[in-house]
Amino acid sequence: MKILKLILVGVVIGVLIGLWLGVNIGREEPLLSNPFAHRETVAEKLKRISGETLEKSGNALEKAGKELQDTLGK
């Protein structure tokens, strides 16, 4: 009976640690970070990334336009 109790406690502890690590792996966070901490939602991440992409593409387009004006102006 004592061995069964130890096995049961080991399984419970293993499941808890596995859930902790699994949640962090699923969220692409460091393994030992707090899985209950507030994280950026998918919608927030998408909005942030699309804004950054739009800004970078706008800057590239502006740079290309200036270079084109310089070559045509000469």
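Keep in mind the model is a prediction, meaning the values are calculated, not measured.

Undergrad: Just checking my understanding: could you explain the overall build of the protein for this structure?
TA: For the protein, the count of helices and strands is two helices and zero strands. The C-alpha atoms of the protein give a radius of gyration of 26 Å, which is well past the 11 Å a tight globule of 74 residues would have. Taken along its principal axes, the extent of the C-alpha atoms in the protein is 90 × 20 × 10 Å. Across the 74 residues of the protein, 5% fall into the buried class. Summed over all atoms, the accessible surface of the protein reaches about 6,900 Å², with 70% contributed by carbon and sulfur. With 11 positive and 9 negative side-chain charges, the protein shows a spacing of 12 Å between the two charge centroids.

Undergrad: Please clarify how unusual backbone geometry should be interpreted in this entry.
TA: With glycine set apart, most residues show a phi of negative sign, and most peptide bonds adopt trans. Positive phi outside glycine occurs at Glu28, with the angle close to 55°. Of note, Glu28 is situated in the loop between α1 (2-26) and α2 (42-73). On the accessibility criterion, Glu28 (69% relative accessible area) is exposed.

Undergrad: Hey, could you run me through the pattern of salt bridges in this one?
TA: Two side chains bearing opposite charge may form a pair once their charged atoms approach each other closely. Enumeration according to the criterion identifies four salt bridges in this entry. Linking Glu40 and Arg48 is a salt bridge whose minimum nitrogen-to-oxygen distance equals 3.0 Å. Its relative accessible area of 37% is what places Glu40 among the partly exposed residues. Residue Glu52 is joined to Arg48 by a salt bridge in which the shortest nitrogen-to-oxygen separation is 3.5 Å. On the criterion of helical spacing, the pair formed by Glu52 and Arg48 is a turn pair, its members being four residues apart in helix α2.

The rules behind these values
- Residues numbered from 1 in each chain as written.
- Predicted model: local features only at pLDDT ≥ 70, side-chain atom pairs only at ≥ 80, totals over all residues.
- Heavy atoms only, no water.
- Helix = DSSP H or I, 4+ residues; strand = E, 2+ residues; numbered from the N terminus.
- Rg over C-alpha atoms; globule rule 2.2 N^0.38 Å.
- Buried < 20%, exposed > 50% of the residue type's maximum accessible area, 1.4 Å probe, protein only.
- Areas by Shrake-Rupley, 256 points an atom, 1.4 Å probe, with all protein chains shown as cover.
- Lys, Arg positive; Asp, Glu negative; His and termini not counted.
- Charge placed at Lys NZ, Arg CZ, Asp CG, Glu CD.
- Salt bridge = Lys/Arg side-chain N within 4 Å of Asp/Glu carboxyl O.

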